[in-house]
Amino acid sequence: MKESYFFAYGSLVNRNTHQYADCSLARLHGWRRVWRHTNLRPIAYLTVEPDPCCEVDGLIAHVPNGDWSTLDYRESAYDRINIKHVISHPKLETIDVAMYSLPNDRHSQPTGEQPVLLSYIDTVVQGYNREFGERGVENFFNTTSGWTAPILDDRHRPIYPRRQKLSPRETALIDANLRRIGNTPVNLSKGDSATWLGACA
């Protein structure tokens, strides 16, 4: 029986957000990250969509005993799809690799009512910086579509439940890339804070 692995391209790249220890760098071919919103969640997250001209760096991680229940719960808005034929990784043995992706009929573009959280971006980019360095962070921004999405600046009162603490250097790196792509996060007001914290609890 082949061992099971998942491919991480968003928050799961940050190893502090999960307990899966057997991780390796990997690359997904023919797909692109994109910011999307689904009615199954109150805010926008990353998903992937086919793009024959793009490649996505990320991690593969072993799923012990093929027990997907914890991951399926975490990624409950997504479908788990097999990608073993379109991914490069260093494992010498033959493995099964799956990733989580929103079905086309289950998502739409983010809006002011369903924004991207800066605390989520911080967590994702921290993971990419640790795994791939500053060039990998730049590549993350370049290979992700939908950066016109509104971004809610919740750094001082993070809403994302798996948010991570950033160093000043990490903060500066993320802010510099957001400026480079031309997106300025909108500050979280006190009233909005209570609303979003309740919705995302």
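Before reading further, recall that the structure is shown in the block above.
Note that the structure is predicted; figures quoted are calculated from it, not measured.

Caption draft 1: Layout of the overall build of the protein. Helix and strand counts for the protein stand at four helices and 10 strands. Listing every helix and strand of the protein by position from the N terminus yields β-β-β-α-β-β-β-β-α-β-β-α-β-α. The globule rule puts the C-alpha radius of gyration for 201 residues at 17 Å, and the 16 Å found for the protein is close to it. Projected onto its principal axes, the C-alpha positions of the protein cover 55 × 35 × 30 Å. Across the 201 residues that make up the protein, the buried fraction comes to 51%. Split by element, the accessible area of the protein, about 10100 Å² in all, is 48% carbon and sulfur. The protein carries 23 positive and 23 negative side-chain charges, and their two centres are separated by 4 Å.

Caption draft 2: Up close: the packing of aromatic side chains. The final tally for this structure, using the stated rule, is 13 aromatic pairs. Centre to centre, the rings of Tyr128 and Phe132 are 5.6 Å apart; their planes meet at 25 degrees, and the pair counts as stacked. Here Phe132 and Tyr128 lie together in helix H2 (residues 118-142), a separation of four residues that amounts to about one turn. The exposure class of Phe132 is partly exposed, given its relative accessible area of 22%. On the numbers, 5.5 Å between centres and 85 degrees between planes, the contact of Phe140 with Phe141 is edge-to-face. Across this residue pair, the class does not change: Phe140 and Phe141 are buried.

Caption draft 3: The arrangement of the nonpolar core in detail. Membership of the largest hydrophobic core comes to 57 residues, with the highest contact counts inside it found for Phe6, Phe7, Tyr9 and Ile121. Elements that contribute at least two residues to this core include exactly strand E1 (3-8), strand E2 (23-36), strand E3 (45-62), strand E6 (95-101), strand E7 (116-117), H2, strand E9 (151-153) and helix H3 (168-181). The biggest single contributor to this core is H2, with nine residues. Residues within four places of Tyr9 in sequence aside, it is in contact with Arg33, Leu46, Thr47, Val48, Val56, Tyr78, Met99, Tyr100, Ser101, Tyr128 and Phe140.

Reading the values: the criteria
Counting restarts for each chain, with residues numbered from 1 along the sequence as it is written. With the structure being a predicted model, the display of local features is reserved for residues of pLDDT at least 70 and the display and counting of side-chain atom pairs for 80 or more, all residues being used for whole-chain, interface and lining totals. Just so you know, side-chain values use all the structure's heavy atoms and leave hydrogens and water out. A run of DSSP states H or I qualifies as a helix once it reaches four residues; a run of E qualifies as a strand once it reaches two. Both are numbered from the N-terminal end. All radius of gyration figures rest on C-alpha atoms, and the globule criterion is 2.2 Å times the number of residues raised to 0.38. Exposure is judged per residue with a 1.4 Å probe applied to protein chains only, and the accessible area is read against the type maximum: over 50% gives exposed, under 20% gives buried, and values in between give partly exposed. Computed by Shrake-Rupley with a 1.4 Å probe, the accessible areas treat only the displayed protein chains as cover when residues are assessed. Counting rule for charge: Lys and Arg are taken as positive, Asp and Glu as negative, and neither His nor the chain ends is counted. For this purpose, a charge sits on NZ of Lys, CZ of Arg, CG of Asp or CD of Glu. We call Phe, Tyr and Trp rings a pair once their centres come within 6.5 Å, taking the six-membered ring for Trp, and we label the pair stacked below 30 degrees between planes, edge-to-face above 60, and tilted otherwise. Within this scheme, the nonpolar core is defined by two criteria: the residues are buried Ala, Val, Leu, Ile, Met, Phe, Trp, Tyr or Cys, and they are joined through side-chain atoms within 4.5 Å. Whether two residues touch is decided by their heavy atoms; if any such pair falls within 4.5 Å, the residues are in contact.

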